[in-house]
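# Coordinate inspection notes
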Amino acid sequence: MVRAIVGANWGDEGKGKITDMLAKESDIIIRFQGGSNAGHTIINDYGKFALHLLPSGVFYQHTTSIIGNGVALNIPYLIKEIQSLVDRGVPKPHILVSDRAQILMPYHVLFDTYEEARLAGKAFGSTKSGIAPFYSDKYAKIGFQVSELFDDALIREKAYTVCEKKNVLLEHLYHKPLLDPEELIKELQEYRDMIAPYVCDTSAYLYDAIKAGKKILLEGQLGSLKDPDHGIYPMVTSSSTLAAYGAIGAGIPPYEIKDITTVVKAYSSAVGAGAFVSEIFGDEAEELRHRGGDGGEYGATTGRPRRVGWFDAVATRYGCRIQGTTEVAFTVLDVLGYLDEIPVCVGYEIDGEVTRDFPTTARLEKAKPVLTKLPGWKCNIRGIKKYEDLPENCRKYIEFVEKEIEAPIAMVSNGPGREDIIMRK
Ligand code: GDP
């Protein structure tokens, strides 16, 4: 049985916590896209962790964590992340890395940084982790696949071809130091030795696991609105953030993904540039940002203050639909307990007309939020375990959102910890 855990919005919805929680009953947890460019925050018995490349299942000894073929694999980063867990007393997790995963190279990070600097004010707000240059190279067919590390002749030939191409840009577009193919070869050989113990034909491993009835989780990064096809292009990430891509990025049949748990946050937050219709500013925003998440809304990877706003039903209904949501995990609801009234964005006004449909980017840029207000519950809901025990206005908020997004809210998260969860069925 395969379940995908994905985000409905701009990321940071709390997928890490939901994955960590559901990992307890799972056998295998897979990252299928993205790289170390976003973080998942997890709070458990070992402490508070911000994972970037590892799946959020690494804290359980009975699970296997897989870096799927769709991931941008930064090898030294992965090794460091594993070591950082061990250093903090977490038993060494069982990790497999797809032999078809491609390698994020230091020059991808350089190109990301140089390009953001070149674009200056028009930059995409990249985390400068090398993700866009990495996926560009993958599809331009000049990327290095893990399996290729074990073929010295191939690596040598490819290193020279890649450097030739990259050096034209480095010299003439960016005016930066050139790459040395011999150094690149040495680097790749080091990577081979670092990754060798983890390499596996993970698609074949998963084929057997599915046949054996194992419980498998696909852990998405970011959310629907950052998908390169269905998101707010071009302010998107460079790999698909949708559950459907889990089939490709892990190498499993699409029809095996039975459950799609879409994580939806009780208000909105986003890192980086791009249209954000229900965004709020000033003191109102500062208060929500300060109270938000667990210790404030600041990026897990970059520490940048996140943009915040009210719940956006238009974006979230679309985000859930495009994921193929079978159930919703509604998170960070406890944070809203301070508000007398809670605004919710229920429509977009574009050129004088109100729509409930999420538009393409050019129209989205013109959208103004149509807000409605729901009464707040004015108390702390952490520690509540049963749905019926939530204050009436809190239940009304959940039920209003559920109706608006047209997807069933099966779980309500009322705190950052594993145990802060209310199951509705
Ligand atoms: P992810 O990328 O989707 O995994 O999300 P992040 O981990 O970046 O952001 C979620 C933040 O919210 C983290 O700081 C979590 O610890 C925190 N969090 C998750 N669920 C809840 C919740 O129900 N209540 C509160 N207060 N914080 C939560």
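This one's a predicted model, so the numbers in the text were calculated from it and none came from an experiment.

Right, let's talk about helix α10 (residues 313-323) for a bit. With ten of its eleven residues buried, α10 lies for the most part within the structure. Residues of α10 that are buried: A313, V314, A315, T316, R317, Y318, G319, C320, I322 and Q323. Its side-chain oxygen 3.0 Å from the backbone nitrogen of V314, D312 forms the N-cap of α10. At the C-terminal side of α10, G324 shows a positive phi close to 80 degrees.

Bringing the sheet that holds strand β1 (residues 2-7) into the picture now. What the ten strands build is an open sheet, ordered β9-β7-β5-β2-β10-β1-β11-β15-β19-β20; its pairing is mixed. Looking at which strands have only one partner, the edges of the open sheet turn out to be β9 (199-200) and β20 (421-423). Here six bridges tie β1 to strand β11 (residues 257-265), and the two strands are oriented parallel to one another. Within the sheet, the bridge partner assigned to V6 lies in β11 and is T262.

Here we take up the nonpolar core. L73, L78, V97 and I195 are the most contacted members of the largest nonpolar core, which totals 40 residues. Listing elements by their share of this core, those giving two or more residues are β4 (47-51), α2 (75-87), β7 (94-98), α3 (106-119), α5 (152-174) and α6 (181-195). Top element by residues in this core is α5. It accounts for six residues. Residues in contact with V97, not counting those within four places in the same chain, are I67, L73, L78, V146, I195, Y198, V199, C200 and T202. Counting 37 residues, the second-largest nonpolar core is a separate cluster that includes W377, C394, V401 and V412.

Our focus in this paragraph is unusual backbone geometry. Following Y233, the chain continues into P234 via a peptide bond in cis, with omega recorded as 5 degrees. Residue placement: P234 occurs in the loop between β10 (216-219) and α8 (243-250). Residues other than glycine seldom take positive phi values, yet D12 does so here, at roughly 60 degrees. Relative to the assigned elements, D12 resides in the loop between β1 and α1 (15-23). The phi dihedral of H175 falls on the positive side, at around 55 degrees, and the residue is not glycine.

The next subject is the site of the ligand. Taken together, 20 residues surround the ligand, and among them K15, G16, T41, D334 and S413 come closest. At 2.6 Å from an oxygen atom of the ligand is found a main-chain nitrogen or oxygen belonging to T41. Measuring from an oxygen atom of the ligand, one finds a backbone N or O atom of G415 at 3.1 Å. In the complex, 98% of the free accessible area of the ligand, which totals 580 Å², lies under the protein chains. Mapped by element, the contributors of at least two residues to the shell around the ligand are α1 and β3 (40-44). The dominant element in the shell around the ligand, judged by the number of residues it contributes, is α1, at three residues. Split by residue class, the shell around the ligand holds three nonpolar, nine polar and eight charged.

Parameters and conventions
Residues numbered from 1 in each chain as written. Predicted model: local features only at pLDDT ≥ 70, side-chain atom pairs only at ≥ 80, totals over all residues. Heavy atoms only, no water. Buried < 20%, exposed > 50% of the residue type's maximum accessible area, 1.4 Å probe, protein only. Helix = DSSP H or I, 4+ residues; strand = E, 2+ residues; numbered from the N terminus. Polar contact = N/O pair within 3.5 Å; in protein donor to acceptor, adjacent residues only side chain to side chain. Pairing = 2+ DSSP bridges. Core = buried A, V, L, I, M, F, W, Y, C linked by side-chain atoms within 4.5 Å. Contact = heavy atoms within 4.5 Å. Near = heavy atom within 4 Å. Areas by Shrake-Rupley, 256 points an atom, 1.4 Å probe, with all protein chains shown as cover. Nonpolar A, V, L, I, M, F, W, Y, C, P; charged D, E, K, R; others polar.

Interpretation note: all reported values are geometric properties and have no functional meaning in isolation.
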